[in-house]
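Single-letter residue listing:
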Amino acid sequence: MYDKKYIELLNIQIGCMLKLHRLQQRLSQQQIAVAIDSTSTTIGRIERAEVVGGWDKIYMISHTLKIDYNQLFILLPLKKLLIIIDEIYSLEQKLNQEKEAYYKSLKENLKIKYNAILKR
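Residues numbered from 1 in each chain as written. Predicted model: local features only at pLDDT ≥ 70, side-chain atom pairs only at ≥ 80, totals over all residues. Heavy atoms only, no water.

1. Some thoughts on the overall build of the protein chain
Line of reasoning, step 1. If you tally the helices and strands in the protein chain, you get six helices and zero strands.
Line of reasoning, step 2. Secondary structure elements in the protein chain, listed N-terminal to C-terminal, are α-α-α-α-α-α.
Line of reasoning, step 3. Taken over the C-alpha trace, the protein chain has a radius of gyration of 14 Å; the compact-globule value for 120 residues is 14 Å, and the two agree within 12%.
Line of reasoning, step 4. Evaluated residue by residue, the protein chain yields a buried proportion of 36% over its 120 residues.
Line of reasoning, step 5. Contacts in the protein chain between residues at least 24 apart in sequence constitute 70% of all its contacts with a sequence separation of at least 6.
Line of reasoning, step 6. If you sum the accessible surface of the protein chain, you get close to 7700 Å²; carbon and sulfur atoms cover 55% of it.
Line of reasoning, step 7. With 19 positive and 13 negative side-chain charges, the protein chain shows a spacing of 3 Å between the two charge centroids. (Helix = DSSP H or I, 4+ residues; strand = E, 2+ residues; numbered from the N terminus. Rg over C-alpha atoms; globule rule 2.2 N^0.38 Å. Buried < 20%, exposed > 50% of the residue type's maximum accessible area, 1.4 Å probe, protein only. Contact = heavy atoms within 4.5 Å. Areas by Shrake-Rupley, 256 points an atom, 1.4 Å probe, with all protein chains shown as cover. Lys, Arg positive; Asp, Glu negative; His and termini not counted. Charge placed at Lys NZ, Arg CZ, Asp CG, Glu CD.)

Structure (structure tokens):
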């Protein structure tokens, strides 16, 4: 049996890690999509953890970005993940109020999910 909250946290972490590395390399979602024969919409949905991306897409994206695929599945401490979100925020080129609200909400959501896991 798996812990659904843990899986949700991993999904958010994977999306954040992929997005951080993509932004650090100054690549667009479209460039990643072309490299893995996918769509920018799919890349965005994986980065936002809107869907649980198939392992094959995550593998191809991580390979394209030169990320250790296995490390994506080791849940980081909350503090480290919050720092990653702050880094993503600082690298965003098209920052607007909607994105600011999204990152603030994401950080609050992570805190709630981590607290739910710790209470067990």
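Picking up where we left off.
2. Notes on the layout of surface pockets
Any empty space left between atoms is shown by rolling a water-sized probe over those atoms.
Line of reasoning, step 1. The volume enclosed by the largest pocket comes to roughly 240 Å³.
Line of reasoning, step 2. Considering the residues around the largest pocket, the lining is formed by Arg 22, Leu 23, Leu 27, Ser 28, Gln 29, Glu 92, Gln 93, Lys 94 and Lys 99.
Line of reasoning, step 3. When the residues that make up the lining of the largest pocket are grouped by side-chain class, the tally is two nonpolar, three polar and four charged. (1 Å grid on protein atoms, 1.4 Å probe; cavity = no way out; pocket = protein on both sides within 12 Å on 5 of 7 lines; lining within 4 Å. Points joined across faces, edges and corners; volume = space filled by probe spheres on them. Nonpolar A, V, L, I, M, F, W, Y, C, P; charged D, E, K, R; others polar.)

3. Examining the environment of Ile 32
Line of reasoning, step 1. Turning to its location among the elements, Ile 32 is positioned in helix 2 (residues 29–35).
Line of reasoning, step 2. Exposure remark for Ile 32: the relative accessible area of 1% places this residue in the buried category.

4. Examining the packing of aromatic side chains
Line of reasoning, step 1. Taken as a whole and assessed by the stated rule, the structure comprises four aromatic pairs.
Line of reasoning, step 2. The interplanar angle of 75° and the centroid separation of 5.3 Å between the aromatic rings of Tyr 59 and Tyr 69 together place this pair among those described as edge-to-face. Taken as a pair, Tyr 59 in helix 4 (residues 55–64) and Tyr 69 in the loop between helix 4 and helix 5 (78–91) lie far apart in primary sequence, 10 residues in all.
Line of reasoning, step 3. Taken together, the ring pairs connect Tyr 59, Tyr 69 and Phe 73 into an aromatic cluster. (Phe/Tyr/Trp six-rings, centres within 6.5 Å; stacked < 30°, edge-to-face > 60°.)

5. Some thoughts on the environment of Ala 35
Line of reasoning, step 1. Take Ala 35: it is sitting in helix 2.
Line of reasoning, step 2. According to the relative accessible area criterion, Ala 35 is exposed, its value standing at 51%.
Line of reasoning, step 3. Through-space distance from the C-alpha of Ala 35 to that of Met 60 is 8.6 Å; in sequence the pair is 25 residues apart.

6. Digging into the nonpolar core
Line of reasoning, step 1. With 30 residues, the main nonpolar core has Cys 16, Leu 18, Ile 61, Leu 72, Ile 84, Ile 88 and Leu 110 as its most contacted residues.
Line of reasoning, step 2. At eight residues, helix 1 (residues 4–24) tops the list of elements feeding residues into this core.
Line of reasoning, step 3. What Leu 72 contacts, discounting residues up to four positions off in sequence, is Leu 10, Gln 13, Ile 14, Met 17, Leu 18, Ile 58, Ser 62 and Ile 67. (Core = buried A, V, L, I, M, F, W, Y, C linked by side-chain atoms within 4.5 Å.)

7. Points about helix 4
Line of reasoning, step 1. When we look at burial in helix 4, the residues that qualify are Ile 58, Ile 61 and Ser 62. Axial view of helix 4: buried residues confined to an arc of 95°, hence all on one face.
Line of reasoning, step 2. If you follow the buried residues of helix 4, they end up packed against helix 1, helix 2 and helix 3 (40–47).
Line of reasoning, step 3. Following helix 4 by one or two positions, Lys 66 has its phi on the positive side, about 60°. (Arc of directions from axis to C-beta.)

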